[in-house]
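# Geometric and topological summary
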Amino acid sequence: MQTSLLITPERNITGRVTSEEGEGLPGVSVLLKGTTTGTSTDIDGKFTISVPDEGGSLVFSYIGFMTKEVAIGAQATIDVTLAADIKSLEEVVVVGYGTQRKRDITSAVSNINMKDIGEVPASNLNRLLQGQAAGVTVRQNHGAPGGQFQVRVRGIGSLGAGSDPLYVIDGFPVGNNIGQNLNPNDIETITVLKDAASTAIYGARGSNGVVLITTKNAQADRVNLNFSVDYGIQNIPQSRRVNVLNGVEFAQFKKEVFMDNIRYFQNREPAIEEVPASYRFPEQTQHSTDWYDAILHDNAPYKDINMTLAAGRGPIKTLLSLGYYKEQGSVIKTDYDRISARANIGGDVNKFIRVGFNLNGTYSKKNLASLDESVAGRSALIGSTLLMDPREPIYDEQGNLRPYIGGVDGVFGFPNPVYVLNNAIRKRNIAEVLSNVYVELTLLKGLKFRTSANAKLNYNTWKEYVPSTIGTPLNGFPPRLAFGSETTEQLSNLSADQLLTYTPELGENHHFDVMVGYTAQEEKVRGVSGSGNTYPDDLVPFLGSAIIRSSNSYEYGWTLLAYLGRINYSFKEKYLFSASMRREGSSRFGKVNKYGNFPAVSLGWRVSEESFIPKFTWLDDLKLRASWGMTGNNDIGNYSHLAFMNTSNYILGNAIAPGRVVSSFANSTLEWEKSNQLDLGLDLTVFNNSLTFTAEYYDKITNDMLLPISIPSVSGFTVSLANIGKVENKGVELAADYRLRIGQVNFRTSPNISFNRSKILAIKGENDMLWYGSFYGGYNVQKVGRPIGMIYGYKKLGIFNTQEEINASPKQDGVIPGGMKFWDADGNGEVTYDTKDMVEIGNPNPAFTWGWTFAADYKRFDISILLMGAHDYDIYRNIEASTMNMDGVFNVLDKAKDRWRSPENPGSNPNAKNSQGGTNYFKWSRESSERYIYDASHMWVRNITFGYNLPKFTSVISDARVFVNAANVFLFTKYPGGNPDASVRGGTELNNDDETYPIPRVFSVGARVNF
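All of the points below concern the structure found in this document. Source: prediction; values computed, not measured.

Another point: the overall build of the chain. A count of helical and extended segments in the chain gives nine helices and 53 strands. Since a compact globule built from 1011 residues should have a radius of gyration of about 30 Å, the 32 Å found for the chain is in line with a globular shape. With the C-alpha coordinates aligned to their principal axes, the bounding extent of the chain is approximately 115 × 70 × 65 Å. Expressed as a percentage of its 1011 residues, the buried residues of the chain come to 53%. Of the contacts made within the chain by residues no fewer than 6 positions apart, 68% connect residues no fewer than 24 positions apart. Of the accessible surface of the chain, which amounts to about 43,900 Å², a share of 56% is contributed by carbon and sulfur atoms. Distance between charge centres in the chain, computed from 99 positive and 105 negative side chains, equals 3 Å.

Pairing is antiparallel across the open sheet formed by four strands, whose spatial order is 3-2-5-6. What marks the edges here is a single partner per strand, and that holds for strand 3 (38-40) and strand 6 (68-71). Direction aside, neighbouring strands of the sheet carry axes that sit 20° apart on average. In this sheet, strand 5 (residues 57-61) lies alongside strand 2 (residues 29-32) in antiparallel orientation, the contact comprising four bridges. Paired with Leu31 across the two strands is Val59, which belongs to strand 5.

This part covers the pairing of strand 28 (residues 548-571). By the bridge criterion, 24 bridges tie strand 27 (residues 510-533) to strand 28 in an arrangement that is antiparallel. Among the inter-strand pairings, Ser531 is bridged to a residue of strand 28, identified as Ser550. Strand direction decides the pairing type here: strand 28 and strand 29 (residues 575-586), joined by twelve bridges, are antiparallel. Paired with Leu560 across the strands is Ser586, a residue of strand 29. Hairpin geometry of strand 28 and strand 29 is characterised by an intervening segment of three residues between the two adjacent antiparallel strands and by a positive phi of about 55° at Lys572.

So, about unusual backbone geometry. Across the junction of Pro478 and Pro479, the peptide omega takes the value 0°, indicating a cis bond. Structurally, Pro479 can be placed in the loop between strand 25 (447-466) and strand 26 (483-502). Although it is not a glycine, Tyr97 sits at a positive phi angle of roughly 55°. For Tyr97, the location among the structural elements is in the loop between strand 8 (92-95) and strand 9 (98-101). Residue Thr534 is not a glycine yet carries a positive backbone phi of 60°. Checked against the element boundaries, Thr534 lands in the loop between strand 27 and strand 28.

Once that is clear, we can look at the packing of aromatic side chains. Following the criterion strictly, the structure yields 30 aromatic pairs and no others. Taken together, a centroid distance of 5.2 Å and an interplanar angle of 90° make the contact between Phe775 and Tyr776 edge-to-face. Given a relative accessible area of 14%, Phe775 falls into the buried group. A ring pair is formed by Phe861 and Tyr948, whose centres lie 4.7 Å apart and whose planes are at 45°; its orientation type is tilted. One end of the pair, Phe861, is in strand 47 (residues 861-871); the other, Tyr948, is in strand 50 (residues 938-950), with 87 residues separating them in the sequence. Using a relative accessible area of 25% as the deciding quantity, one classes Tyr948 as partly exposed. Among the aromatic side chains, those forming a connected cluster through ring pairs are Phe775, Tyr776, Tyr794, Phe822, Tyr833 and Trp924. The positively charged end of Arg450 is found above the aromatic ring belonging to Tyr438, 3.8 Å away from the centroid. Above the face of the Trp940 ring, Arg942 is positioned so that its terminal group lies 4.2 Å from the ring centre.

Quick notes on the rules
- Residues numbered from 1 in each chain as written.
- Predicted model: local features only at pLDDT ≥ 70, side-chain atom pairs only at ≥ 80, totals over all residues.
- Heavy atoms only, no water.
- Helix = DSSP H or I, 4+ residues; strand = E, 2+ residues; numbered from the N terminus.
- Rg over C-alpha atoms; globule rule 2.2 N^0.38 Å.
- Buried < 20%, exposed > 50% of the residue type's maximum accessible area, 1.4 Å probe, protein only.
- Contact = heavy atoms within 4.5 Å.
- Areas by Shrake-Rupley, 256 points an atom, 1.4 Å probe, with all protein chains shown as cover.
- Lys, Arg positive; Asp, Glu negative; His and termini not counted.
- Charge placed at Lys NZ, Arg CZ, Asp CG, Glu CD.
- Pairing = 2+ DSSP bridges.
- Axes fitted to C-alpha atoms, helices over the stretch in contact; angles between N-to-C directions.
- Phe/Tyr/Trp six-rings, centres within 6.5 Å; stacked < 30°, edge-to-face > 60°.
- Lys NZ or Arg CZ within 6 Å of the ring centre and 35° of its normal.

Have a look at this one:
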């Protein structure tokens, strides 16, 4: 028997794919028709593919261009030019419960180009939003590893409810906090909905804007494996470190304070022998410790490793991604680890049925300086390092860490922060699963029904253990009772959507689509917490070892359901119309007003298509837009409309009997906080689509805010929640994108700038001014007719130099020379020691914010730079109430050497706003005042990336890239703190800086390889 094996001869075809402008197109799919044989072009548009000798056809496809088929014949080289696909160039943008062509959008929507962002080191996706969209402000309040960012869309819209936007991941509204457990490498697109016309479809959660996130899917007709790795280091640059006195300088400061005190109160010159021996001769000081520097981890490493496998050939597409991120903090013994995995599968079962399934799982671990990362001030670990006695060493003579520092010579003692970070346990672990599944049925031509289910499961644990060897700030010497606490919390968020869409074919001039739907969502949180103290030793840091223990459990949740609909219509792509309506019910509101209606309408006019507009060759597109809508805000907590009961035990029959009392007043008429917003916009594209420009004007008025009001005490209460107040936010946003090619160099620049003005229009009754803050820590005041969160305190006129100046001024009870001179605001002849003479001293709201991306590429090299800034706004630097305390109980800032000491030695500029008063008496030296107000205008060089795309050196690798990156590179500001975005209080208590975890500068290198 004879067997023959038939081998089909093959040959290689090479070529290059270019655009109509002659540019090489990278990543073009080249497929042998009727087979699975294919490849893709390299960075220069070149390709090589093996084909049978008998020929066939090659199919060239690329997003944004017309697919082209070329017969092979006898050709050995095939060069192809792809024509732009005008329809595909009409970018499809994700909007609420659907998608829409960008040219048809009639509302305020910002689409973030993920490719333009570049290789930004990010553990949190909000980092990717910085500087990218007009009207979207992203602030990093602290630099803790894995920390979150504060996002505001068009300002703060409420005095009583939250101001965070709603996040929607793959169609699933996950809430106002994205958390850290979504790998930024898995994100395909980010779209920000800014006006009411685009957000009203989300009803009570749309008032503060909506961030839509779409994760990656496999690309059609492609199979690829992507691997990426970043490695970097981070540190705190000297320019962003706070300078305090060293050991010798602090001893000199203590000596001066001691002697100045005798000179003033005893009116004599002190003898050197009277000065305590420990600082009598400052130059003999043996130790000089920079406690802030001692806790920093210089060149703390981080790494980010990701792998993605995608298969897009055939009707069903799949994708699997794995990621690992590890970051060691710029403060020792703090870190963040995250491992993530994501899988999706979806596609057409047949021409009638389409299905999809997404599953994302993450697990993260954090070791923290404090369980609450926003904790700041002199009692917190970071702030305490600025105040501790620098004459004390970190280690004892045996080389062991000293548990407690100071507490002698009249200097307050603090736990050794290095000891605390090495011995206290403060950790948080988070496990999260995010999943959604959908089935889409094509019932008739143009008629589709989509049913989807979504789930978010979150498991959170916190653990803290402080051993007995760690004391407390301000002379709380150890040993003390060891303390431990543990909390376990589970969250489940489930939702289901039913959507019916109809897109009929109405001819060439008409485009019409309608969507109606129903959605329901429920979230529950269950938790158990326990605490304990009086441990027999520090060897077993678990609650079971504590002699005294307590525990608590809790559960809370909310539900909503909504009916929604939307209509889009365009005539000749010239006249555009969109309208939506959502009727929503929420468990967070009283039974009288449980449901709310949220309508919206928008119009667009493509002026450039009108016959009366001259056909300028430079004008590609001009569209005018107008929209109005109503949104709500239900971020008010749960059960606010109900009466609460608290435990109140009493004595009955000589024994304690448990009891309950009503602790808050019910209000079943609580209703929705509503925002009405008008938006006017202009979209302009010119010079053959190389320049796009967008301008927006908006005016948003928020009514019926939930705020506390005073009620007659005869009711048994003094305060209750009610719908009062009105706030306006209005502003202008400008954004542009310009692309230019000169020779072989491509340039791109994308600036944006935003101007927002808030104004409180009404607050009911006695609450016409709402004060938040403290007498020694700064106030934020809400006042009718003024912007939100204005900073209040005494207006500083200077420093009293002599008793004669004091006698000639309005009375300040107890003030002595060296005390600060404040304005008698009410003109009654006395500056009283309360808030009656306090006035506006600072505005925490920037006049404008901006971002600017510059990018260029030449052959295989590219560079990208992101600048951003905010201007003309103030910060209350609260930490200086301690770091410029002249009593000698704390270390102080370096600038304290130029303080007022006497009439003969008043410092170089005693009348400057931020100059410090005298050393002899605390009163009138640290009250809330203009002394602590600083202009925080700044500019960041936020990111610089330089990359190189490697030439194709093997058929196995389709493209490869290496890069270097620097993040948080340079900060240009006159603000003396390290972070002009610092704000520790939250809500409407704006811009209070009490020294939080510092923000590091990051340098990294990395590589991306596609197989």
